[in-house]
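Coordinate inspection notes
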Amino acid sequence: MPTFDAERFLFSLAGGLRAGAWADADLRAALRGAASDRPVRAPGLVPRLLRRFHGTPGYGELLLFLVNDPGLARAVDRLTWSRPQPGPAKPAMGQPPPRLGTLAIPALATEAALGTWLGVGPDRLRWLADLTGRNRRHPPGPLRTYRHRWVPKADGRARLLEIPRPGLKLVQRKILADLLDAVPAHPAAHGFRPGRSAVTNAAEHCGRAVVVRLDLADFFPSVPAARVSRIFRTLGYPDPVARLLTGLCTTRVPADVWDTRPNPGPADHPARVRFAGRHLPQGAPTSPALANLAAHRLDRRLARLATAVGATYTRYADDLAFSGGNAVRRGAARLARLVAVVAREEGFAVNPGKTRVMTRAGRQTVTGVVVNARPNLPRAEFDRLKATLTNCVRHGPGGQNRGGHADFRAHLAGRVAHLAAVHPGRGRKVWALFDRIAWPAG
């Protein structure tokens, strides 16, 4: 049975509802026709539409109503991340595909076994998994299992951090450490993997005639619960267990949180649909590992594409990088178009404004590392770090924390460690400066 695409359904439904007369029979027919292969049962939706709009509304206004309608959201959720199965689910673990090898993952055949493994009772397990979408309906406060914060980006937009509260975060960390970390990602993935880093990612592209860099828009929210559920079922977990694991690792954004986004605009509707449905939250410990697994087929296809054109491909979270010789340089524009097509077919979208084609004539960077000849940091970044450390040595660190970091010592140590990983020679020099800083006691 094909996967139900919630985003496509909502866009199709909004168009279908506006296509006919704004009357009961036509609206019901449009609802039936929007997903004929898998009927969406949303009782009361048509009366609610007629009460809200006395005539055919605008497309954006209608889509906004559909995204925020609780009854329709429940109906879409049922089809988005729970496939109907013939007969009762059998409480038995399945076998992961042979390509994954032997996996040291816990055998959790029942909901009770999952709760015991996580150390939570059945009621709390279901409360944390939020199968009914309670978080989206509850007013702000401790009953929500996520806190939300908008973080401004350089392009004037903002990134939404969805931060799980301590109880849920503890459960997610166990799922990550004892289950997800045991499942291998595609070799092209360098982000959030043991032994891999931004430096190992960049090192693959050193000394090339051209580097092509692309960015995936809304990487985590683009992974819906349906895809997460497939991951857990592929690992062998029965449907009831996979459903709870999916609920523990995905969430939906409450409407009041979305309404506080900076610089709202009409182009936000596709993002709103993604955030309103269950998705991977940026801020949960489990999201990076699950996003890597969800992107496995994307990585496989892009790696094959890179091989076909004589290029090297890597991915660090949402950053895609290709590099190669003069043949790749001449075909860089076509390569970027093909990558965008493949990404779209795999449920992701390339941000066209962030695509970069970098030749040897200029500075080539991948995940913040200069790769023209060997891994290095931009000179300006090195100079700023060295100046900060020098001022800390001369005048004390108290007046140098201009960014207001809660733990300035740890922040500086992280920057020095990153430089040392990229350029060990320079790293030794700045570590020597760091060690001369007189930090206040306590």
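Scroll up to find the structure this text is about.
Anyway, here's the lowdown on the structure attached to this text. (Residues numbered from 1 in each chain as written. Predicted model: local features only at pLDDT ≥ 70, side-chain atom pairs only at ≥ 80, totals over all residues. Heavy atoms only, no water.)

Within the chain, the secondary structure is distributed over 21 helices and 8 strands. At 24 Å, the chain has a C-alpha radius of gyration in line with the 22 Å of a compact globule built from 442 residues. Considered along the principal axes of its C-alpha atoms, the chain spans approximately 75 × 55 × 50 Å. Considering the chain as a whole, with its 442 residues, one finds that 48% of them fall into the buried category. Taking contacts inside the chain between residues at least 6 apart in sequence as the whole, the part at least 24 apart equals 71%. Across the chain, the 68 positively charged side chains and the 31 negatively charged ones have centroids separated by 5 Å. (Helix = DSSP H or I, 4+ residues; strand = E, 2+ residues; numbered from the N terminus. Rg over C-alpha atoms; globule rule 2.2 N^0.38 Å. Buried < 20%, exposed > 50% of the residue type's maximum accessible area, 1.4 Å probe, protein only. Contact = heavy atoms within 4.5 Å. Lys, Arg positive; Asp, Glu negative; His and termini not counted. Charge placed at Lys NZ, Arg CZ, Asp CG, Glu CD.)

The final tally for this structure, using the stated rule, is 11 aromatic pairs. Seen in terms of ring centroids, phenylalanine 219 and phenylalanine 220 are 5.5 Å apart; in terms of plane orientation they differ by 35°. Their pairing is tilted. Of the residues examined, phenylalanine 219 reaches a relative accessible area of 6% and is grouped as buried. Judged by its relative accessible area of 9%, phenylalanine 220 is buried. An aromatic cluster is defined as three or more aromatic residues linked by ring pairs; in this entry it consists of Phe408, Trp431, Phe434 and Trp439. The cationic tip of arginine 426 hangs over the ring face of phenylalanine 382; the distance from NZ or CZ to the ring centre is 4.5 Å. (Phe/Tyr/Trp six-rings, centres within 6.5 Å; stacked < 30°, edge-to-face > 60°. Lys NZ or Arg CZ within 6 Å of the ring centre and 35° of its normal.)

In contact at an axis separation of 11 Å, helix α19 (residues 379-395) and helix α20 (residues 408-422) are set at 140° when each is read in the N-to-C sense. With respect to α20, the element α19 is oriented oblique. With respect to the hand of their crossing, α19 and α20 are arranged in left-handed fashion. Touching Phe382, Arg384, Leu385, Thr388, Leu389 and Cys392 of α19 are Phe408, Leu412, Arg415, Val416 and Leu419, all from α20. When grouped by side-chain class, the residues that make up the contact of α19 with α20 number 8 nonpolar, 1 polar and 2 charged. (Axes fitted to C-alpha atoms, helices over the stretch in contact; angles between N-to-C directions. Parallel < 35°, antiparallel > 145°, perpendicular 65-115°, else oblique. Left-handed = near helix turned anticlockwise from the far one by under 90°. Nonpolar A, V, L, I, M, F, W, Y, C, P; charged D, E, K, R; others polar.)

In this section: the environment of threonine 355. Along the chain, the position of threonine 355 falls in the loop between α18 (332-345) and β6 (356-359). Once the C-alpha coordinates of threonine 355 and alanine 336 are considered, the two residues, 19 residues apart in sequence, prove to be 7.8 Å apart. Filtering out sequence-adjacent residues up to four positions away, threonine 355 remains in contact with Arg213, Leu214, Ala336 and Val350.

The subject of this paragraph is the sheet that holds β6. Overall, antiparallel pairing links the 4 strands, which are arranged β4-β5-β3-β6 in an open sheet. Looking at the sheet topology across the chains shown, the edges are occupied by β4 (311-316) and β6. Neighbour to neighbour, the strand axes of the sheet diverge by 15° on average, direction disregarded. Where strand β3 (residues 210-215) lies against strand β5 (residues 319-324), 6 bridges are found, and the strand directions are antiparallel. The residue bridging aspartate 215 from the neighbouring strand is aspartate 319, located in β5. Across the sheet, helix α16 (residues 296-309) lies against β4 and β5, angled at about 155° from β4, the strand it touches most. (Pairing = 2+ DSSP bridges.)

Turning to the environment of proline 142, a few remarks are in order. Note that proline 142 resides in the loop between α8 (134-137) and β1 (146-152). Separated by 23 residues in sequence, proline 142 and arginine 165 have C-alpha atoms that sit 8.7 Å apart.

Turning our attention to the pattern of salt bridges. Per the counting criterion, the structure on display carries 14 salt bridges. Of the charged contacts, one joins arginine 126 and glutamate 111 as a salt bridge, the two residues approaching to 3.0 Å between their closest N and O atoms. With a gap of 15 residues between them, arginine 126 in helix α7 (residues 122-129) and glutamate 111 in helix α6 (residues 111-118) connect regions that are remote in the sequence. On the accessibility criterion, arginine 126 (40% relative accessible area) is partly exposed. The class for glutamate 111 is partly exposed, based on a relative accessible area of 30%. Close ionic contact of arginine 301 with glutamate 346 constitutes a salt bridge, the shortest N to O distance being 2.9 Å. In this pair, arginine 301 is assigned in helix α16 and glutamate 346 in the loop between α18 and β6, connecting sequence segments 45 residues apart. With relative accessibility at 5%, the residue glutamate 346 sits in the buried group. Members of the salt-bridge network, linked through shared partners, are Arg297, Arg301, Glu345 and Glu346. (Salt bridge = Lys/Arg side-chain N within 4 Å of Asp/Glu carboxyl O.)

Residues Arg157, Arg159, Lys354 and Arg356 make up a contiguous surface patch of positive charge. As for its placement among the helices and strands, arginine 159 is situated in strand β2 (residues 158-164). Of the residues examined, arginine 159 reaches a relative accessible area of 33% and is grouped as partly exposed. (Patch = residues over 30% accessible without salt bridge, like charges linked within 9 Å, V, L, I, M, F, W, Y side chains within 5 Å. Areas by Shrake-Rupley, 256 points an atom, 1.4 Å probe, with all protein chains shown as cover.)

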